Amino acid sequence: NSELLKVTDVSGSEFNMSGGTIVFQKPNLSGGSSIDFDVCGTSGLVNVTGGELQFGNASTASGASFNFKPYASETLPGMVVSGPSGTGSSLCPSNASNNTDTMRLMYLQINAGCTFDHRSNSGAVGDNKPLVLTDSKLGYAFYNAGTYNPRTGQTVFSSTGDQLISGSSAQTFYGLTMSTSGVVTLNKMLTITNSLVLINGILSSSSTYYPILSAGATTTVGSAASYVSGPMMYQMASV
């Protein structure tokens, strides 16, 4: 087969990662029919406490497209989407993923010119896959200097520590779900087009960086355990 890294998903298989970086320079040779990164997340053991997967580097062909297989119950290492300056790589779930598989990553970093897409690489399903970020890198759980396309999927912050939303410019989420025991701080303006769900944890904003709910977006009332600490804007329809 042409997978870049695969651990066969059978009982007795294991994938362990606690540090370091695995760099994938080229996508697999079979395109969408094979998965670049696939570990034993259903029948085997996945134990990730650190480390990073980097898809693309300075020697990667312009416009290279990588994919990975998410597992709803297993957290994968932090992921970095990178590539040659200005014409970077893209990363998305594999076409072996169905429409509801949860993507659980420690963190996500999208470098300039690169793209992360919730839609599976078949282009047929996957628009509402949620992305769950469980940890952070240098404080941030989500950093985007390229293109983030959530489609109709929630971006979920779920950590035992504080996390940061940052990037090179203002960010846009379809939906933001707070399900963390820490504080998520905005380091850029953030527009939420569909829903803000406050389950647990504090979303911290400031007069410089705050969330904007688009006209028609919904939000839960929140509670003493989960609320927006700081300013927030809600855009009203003109009619």
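Refer to the structure printed above.
Quick look at the structure, then. These numbers were taken from a predicted model, which means no experiment stands behind them. (Residues numbered from 1 in each chain as written. Predicted model: local features only at pLDDT ≥ 70, side-chain atom pairs only at ≥ 80, totals over all residues. Heavy atoms only, no water.)

**Some points on unusual backbone geometry**
With the exception of glycine, the majority of residues adopt a negative phi angle, and the majority of peptide bonds are in the trans configuration.
Part 1: Positioned with a positive phi, Leu-138 is a non-glycine residue whose angle comes to about 50 degrees.
Part 2: In this structure, Leu-138 sits in the loop between strand E11 (131–133) and strand E12 (142–144).
Part 3: For Arg-151, which is not glycine, the phi dihedral falls at a positive 55 degrees. (Helix = DSSP H or I, 4+ residues; strand = E, 2+ residues; numbered from the N terminus.)

**Regarding the nonpolar core**
Part 1: Phe-15, Phe-37, Phe-68, Met-79, Leu-108, Phe-116 and Phe-157 are the most contacted members of the largest nonpolar core, which has 46 residues in total.
Part 2: When near neighbours in sequence (up to four residues on either side) are disregarded, Leu-108 contacts Met-79, Val-81, Phe-116, Leu-131, Leu-133, Tyr-140, Ala-141, Phe-142, Tyr-143 and Tyr-148. (Core = buried A, V, L, I, M, F, W, Y, C linked by side-chain atoms within 4.5 Å. Buried < 20%, exposed > 50% of the residue type's maximum accessible area, 1.4 Å probe, protein only. Contact = heavy atoms within 4.5 Å.)

**Quick word on the packing of aromatic side chains**
In this description, a pair of aromatic rings is defined by centroid distance and the angle of the planes.
Part 1: For the coordinates displayed, the defined rule picks out 11 aromatic pairs.
Part 2: Taking the centre distance of 5.0 Å and the plane angle of 25 degrees together, the rings of Phe-24 and Phe-55 count as stacked. A residue pair is termed long-range when its members are at least 10 positions apart, and Phe-24 in strand E2 (residues 14–24) and Phe-55 in strand E4 (residues 45–55) qualify at 31 residues.
Part 3: Residue classification places Phe-55 among the buried residues on the basis of a relative accessible area of 0%.
Part 4: For the pair Tyr-140 and Tyr-143, a centre-to-centre distance of 5.5 Å together with 45 degrees between the ring planes defines the contact as tilted. (Phe/Tyr/Trp six-rings, centres within 6.5 Å; stacked < 30°, edge-to-face > 60°.)

**Some remarks on the pairing of strand E20 (residues 226–229)**
Part 1: The side-chain alternation of E20 yields one buried face, formed by Ser-226 and Val-228, and one unburied face, formed by Tyr-227 and Ser-229.
Part 2: The sheet contact formed by strand E17 (residues 190–204) and E20 spans four bridges and is parallel. Among the inter-strand pairings, Gly-201 is bridged to a residue of E20, identified as Ser-226. (Pairing = 2+ DSSP bridges.)

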